[in-house]
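Observations on the three-dimensional arrangement
Listed here are the chains, written in short residue letters.
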Amino acid sequence: MDKRKAPWWLSGLLTLSLLAACGGSQAPAAAIITSATGGASSAVTIAATTTSATLPGTESAIGASSTTAAAAASSKGAVEVIHTALDSAQATEIVLGGDTITVSGAGAAVNGRTVTITRAGTYSLRGGLTDGQVSVDTKDEAPVALILAGVALHNETSAPIYVANAEQVVLVLAEGTTNTVTDGDAYALEAGTDEPNAAIFSKANLTIEGSGALNVTGNYNDGIASKDGLVIAGGTLAVTAADDGIRGKDSVVVQSGDITINAGGDGLKADNEEDATKGYVSIAGGVINVTAGGDGITAQTDVLISGGDITLTTGGGSNGRIAADVSAKGIKGLVRVVIDAGTFTIDSADDAIHSNKDIIIHDGTYAIATGDDAIHADASIEIN
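Computed from a predicted model, the values in this text were never measured in an experiment. (Residues numbered from 1 in each chain as written. Predicted model: local features only at pLDDT ≥ 70, side-chain atom pairs only at ≥ 80, totals over all residues. Heavy atoms only, no water.)

Section: the overall build of the protein
We apply this condition: Secondary structure follows DSSP: runs of H or I at least 4 residues long count as helices, runs of E at least 2 residues long count as strands, and numbering of each begins at the N terminus. In this scheme, a residue with accessible area under 20% of its type's maximum is buried, one over 50% is exposed, and one in between is partly exposed, where area comes from a 1.4 Å probe on protein chains only. Contacts are assigned to residue pairs that have any heavy atoms within 4.5 Å of one another. To be clear on the numbers: accessible area is Shrake-Rupley with a 1.4 Å probe, and residue cover counts the displayed protein chains and nothing else.
A tally of helices and strands in the protein yields one helix and 36 strands. Residues counted as buried form 51% of the 384 residues belonging to the protein. For the protein, long-range pairs separated by at least 24 residues make up 52% of all intrachain contacts whose partners lie at least 6 apart in sequence. Here the protein has roughly 15,000 Å² of accessible surface; of this, 47% comes from carbon and sulfur atoms.

What follows is the structure, given as structure tokens:
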């Protein structure tokens, strides 16, 4: 059954210009929304109001405050990002030679075409594996930094990069290098398990930083996945995935970077259903371009955006047809969507910006084409 609702007055191409009031004592400015759905253009003025709202698991009212304040109130800004001060001369060097692996230094063990990092520290990797794995399995409380200095990793039946156990892992994309990670379309998993399920898979907090490039193809399921938090703090990422592009169970935090995602499922996703203070997506900047069969950006709790240049195409775009049980929204936060700023180009088969509860928009530039609602909240929409 196709899901194709007639668009309401906010559907179609939408430009939203938010004029911020100068001075804390002034009333919030109105939002001017121009909608064109193939007929004559019409202008609608929405008078903004000021209300208070609490983030899940907190008692702090955010009212007309920013996403920064919202994140701080709920400890959602507390994801630790480790910007490593790297000394390549002290790093353990791992050279990948197709079907051989050579280690110079301590903390890594080789078994056939698998190298396992067993200690915290810094490791520099270069070369390629035709069917092998880089694994991290350490109980040390310090982080593991993997410098990807031009690698091409492939594993036909498992994750080419697999973090089984660690306090935190940082993937550093070395300047001037292009790194490639691909998997096969069928994994050989242990009985009773469904993991790993991504080309880069981590059971620990995972950070990606640096100025190099990372190309990931997840033919089996997801492209990049962390069962804890996932932070992107730099680099040029291109992710293609059979299912979700980039997924962090507890959180996905984008600080900067150039990210392109082509996903059969969702693009950027956080899906912790057990803890109301987790399962959120936070975007502070960067360039993000998502083409997804499902949602572009989706969070089990909140989507918090304070900047960035974001382009989303979901469900085949505004003229696409999706099944009744498929969600193909542009931005979806089940509890709340809070947007401070940013530039948004959204072409969605489903709602462009959606929340099962509240949406709060302070600023931003929006060009929206949608097959359903442009902005939809089940509880309240606040535009300041």
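Digging into the sheet that holds strand 32 (residues 353-355)
Cut-off, in case you're wondering: Pairing between two strands requires that DSSP report at least two bridges joining them. A fitted line through C-alpha atoms serves as each axis, taken over the contacting stretch for helices, and the angle formed by two N-to-C directions is quoted from 0 to 180°.
Spatially, twelve strands are ordered 7-8-10-12-15-18-20-22-25-29-32-35 in an open sheet, and the strand pairing comes out mixed. In this open sheet, the two strands that pair with only one neighbour each are strand 7 (108-111) and strand 35 (375-377). Adjacent strand axes in the sheet meet at a mean angle of 15° when their direction is disregarded. Relative to strand 15 (residues 198-202), strand 12 (residues 161-165) runs parallel, the two being bridged by three bridges.

Quick look at the packing of aromatic side chains
The description of two aromatic rings rests on the distance between their centres and on the angle between their planes. What counts is decided by this rule: Aromatic pairing here means that ring centres of Phe, Tyr or Trp (its six-membered ring) are within 6.5 Å. Orientation follows from the plane angle: under 30 degrees is stacked, over 60 is edge-to-face, and everything else is tilted.
Counting across every chain of the model gives three aromatic pairs. Here Tyr187 and Tyr220 contribute two aromatic rings whose centre-to-centre distance is 4.0 Å and whose plane-to-plane angle is 10°, an arrangement assigned as stacked. Taken together, the residues span a long stretch of sequence, with Tyr187 in the loop between strand 14 (178-183) and strand 15 and Tyr220 in the loop between strand 17 (213-218) and strand 18 (222-226) at a distance of 33 residues. When its relative accessible area of 11% is taken as the criterion, Tyr187 is described as buried. Relative to Tyr366, the ring of Phe344 has its centre 4.8 Å away and its plane inclined at 5°; by these criteria the two rings are stacked.

Here's the deal with the nonpolar core
The line we're drawing: Joining through side-chain atoms within 4.5 Å is the link that ties buried Ala, Val, Leu, Ile, Met, Phe, Trp, Tyr and Cys residues into a set, and such a set is a nonpolar core.
Grouped together as the largest cluster of nonpolar side chains are 69 residues, with contacts concentrated most on Leu146, Leu214, Ile224, Ile246, Ile331 and Ile353. Apart from the residues lying within four places of it in its own chain, the contact partners of Leu214 are Leu148, Leu173, Asn179, Val181, Ile200, Ile208, Ile224, Thr236, Leu237 and Ala238. Core analysis: the second largest hydrophobic core is formed by six residues, Ala159, Tyr162, Tyr187 and Ala225 among them.

Some points on the pattern of salt bridges
Just so we agree on the cut-off: Basic side-chain nitrogens of Lys or Arg form a salt bridge, by our definition, when they fall within 4 Å of a carboxyl oxygen of Asp or Glu.
Inspection of the entire model under this criterion finds twelve salt bridges. Note that Arg336 and Asp358 form a salt bridge whose closest N and O atoms lie 3.3 Å from each other. Note that Arg336 is positioned in strand 30 (residues 336-339) and Asp358 in strand 33 (residues 358-361), a separation of 22 residues in sequence. Residue classification places Asp358 among the buried residues on the basis of a relative accessible area of 14%. Beyond isolated ion pairs, a larger network of salt bridges with shared partners links Asp222, Arg247 and Asp271.

Side note on the environment of Gly245
Its place among the elements puts Gly245 in the loop between strand 19 (229-241) and strand 20 (246-248). Sequence separation between Gly245 and Lys269 is 24 residues, and the spatial gap between their C-alpha atoms is 8.0 Å. Gly245 has contacts with Gly223, Ile224, Val239, Ile261, Ala263, Asp266 and Gly267, leaving out every residue within four places of it along the chain.

Details of the pairing of strand 9 (residues 121-129)
One ladder, built from seven bridges, connects strand 5 (residues 92-98) with strand 9; its direction is parallel. Each bridged residue has a counterpart across the sheet, and for Gly97 the counterpart in strand 9 is Gly128. Across eight bridges, strand 9 lies against strand 11 (residues 144-155) in parallel orientation. Its bridge partner lying in strand 11, Gly127 is registered against Val151.

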